[in-house]
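Residue-level structure breakdown
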Amino acid sequence: MKLLYEGKAKRIYETENPNEVICEFKDALTAFNGEKADSEAGKGALNCAITTLIFEALEKEGIPTHLIKKIDETKQLVKKVKIIPIEVVVRNIAAGSLSKRLGLKEGEKLPFSIIEFYYKNDELNDPLINDDHAMILNLVEDRKELDILREYGRKVNNFLKEFFDKVGLILVDFKIEFGKDKEGNIILADEITPDSCRLWDKKTGKKMDKDLFRFDLGDIKEAYKEVLNRLKEVK
Ligand code: UDP
């Protein structure tokens, strides 16, 4: 298989079909824009299973995604898309960079869910941007596309908040990415995993996401395994 792209947590391979690629989830873990790096055997397989389960559920909800099917422990067959270089972050509870930037206490419930855009650019450290910035950088074709990203962000949040709640997990915040398929439709791409979400246990408040790695708070594999096992129970 010809490697098309290798990122921090994934490898993308070509297939015989020009409209499909294979996405492999790596065991590598990085935080703070790659400054902190490590690896955890089995993490790739856990994330592949978790994101597959979530994307399948989102498809059923009518949210179009790049997922075609999971093909083995660490790999998915997905639609080839052109990634829109915007990270869409949705937040329900203050944490991470929001707490830091605005001085909100971690754990403070936001009066309503908020959506932020970040420019996907490692050299610039993925800066927070507004609609005008996205337009002058030509990250999208028009402002309507930004509205579509926000609308999908809200839909994904509304669905996932409840999905996680059913298994005793609080969805604090998450990051999603979108791409354009060959017809030019905007569809959900990348992943939704404990690497890209903050998830807290409803009863104990325990963190069950990448913050465990970011701040050396505990065993990430145990936590990710627990997230997967709980999601398998969602009815
Ligand atoms: N996030 C991500 N990739 C990034 C930046 C953020 O997956 O490059 C996720 C992060 O895991 C969290 C949410 O987006 O669930 C909000 O992250 P935040 O802006 O608080 O930044 P961080 O604390 O990760 O620096």
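A brief report on the enclosed structure follows. All values derive from a computational prediction rather than experimental measurement. (Residues numbered from 1 in each chain as written. Predicted model: local features only at pLDDT ≥ 70, side-chain atom pairs only at ≥ 80, totals over all residues. Heavy atoms only, no water.)

**A word on helix H4 (residues 143-165)**
Here is the rule we go by: Each helix corresponds to a stretch of at least 4 residues labelled H or I by DSSP, and each strand to a stretch of at least 2 residues labelled E; elements are numbered beginning at the N terminus. To estimate how far a helix should reach, multiply one less than its number of residues by 1.5 Å. Exposed residues in this analysis have more than 50% of their type's maximum accessible area, buried residues have under 20%, and partly exposed residues fall in between, with area computed by a 1.4 Å probe over protein chains only. For the purposes of these results, a polar contact is taken to be a pair of N or O atoms within 3.5 Å, where, inside protein, one atom must be able to donate a hydrogen and its partner to accept one; residues adjacent in sequence count only when each atom of the pair is a side-chain atom.
Helix length check: H4, at 23 residues, gives a terminal C-alpha distance of 33 Å against a target of 33 Å (1.5 Å per residue), a fit within 8%. Residues of H4 that are buried include every one of Glu-145, Leu-146, Leu-149, Tyr-152, Gly-153, Val-156, Asn-157, Phe-159, Leu-160, Phe-163 and Phe-164, and no others. Taking the backbone nitrogen of Lys-144 as reference, a side-chain oxygen 3.1 Å away marks Asp-142 as the first, capping residue of H4.

**Side note on the packing of aromatic side chains**
Rules: Aromatic contacts are taken between Phe, Tyr and Trp rings whose centres are within 6.5 Å, Trp giving its six-membered ring; a plane angle under 30 degrees counts as stacked, one over 60 as edge-to-face, and the others as tilted.
Scanning all chains against the criterion turns up 4 aromatic pairs. One aromatic cluster in this structure is built from Phe-159, Phe-163 and Phe-164.

**Structural notes on the pairing of strand S7 (residues 75-79)**
Here is the rule: In this description, strands pair whenever DSSP reports at least two bridges between them.
Extensive coverage of S7 is indicated by the burial of 4 of its 5 residues. Bridge analysis of strand S3 (residues 20-25) against S7 gives 5 bridges, and the strand direction is antiparallel. Among the inter-strand pairings, Cys-23 is bridged to a residue of S7, identified as Gln-76. Across 4 bridges, the pairing between strand S6 (residues 67-72) and S7 is antiparallel.

**What to know about the site of the ligand**
To keep it simple, the criterion reads: Only a single heavy atom is needed: when it lies within 4 Å of a molecule or strand, its residue is near that molecule or strand. All accessible-area figures derive from a Shrake-Rupley calculation using a 1.4 Å probe, and residue coverage is judged against the displayed protein chains alone. Residues were grouped as follows: Ala, Val, Leu, Ile, Met, Phe, Trp, Tyr, Cys and Pro as nonpolar; Asp, Glu, Lys and Arg as charged; and all remaining residues, including Gly, as polar.
Around the ligand there are 16 residues in total, and Arg-91, Ser-97, Asp-173, Arg-198 and Arg-214 lie nearest to it. A distance of 2.5 Å separates an oxygen atom of the ligand from a polar side-chain atom of Ser-97. Out of a free accessible area of 500 Å², the ligand has 78% covered by protein chains. Secondary structure elements with two or more residues in the shell around the ligand: strand S9 (86-93), helix H2 (96-102), strand S12 (169-180) and strand S14 (197-201). For the shell around the ligand, the class distribution of residues is 5 nonpolar, 3 polar and 8 charged.

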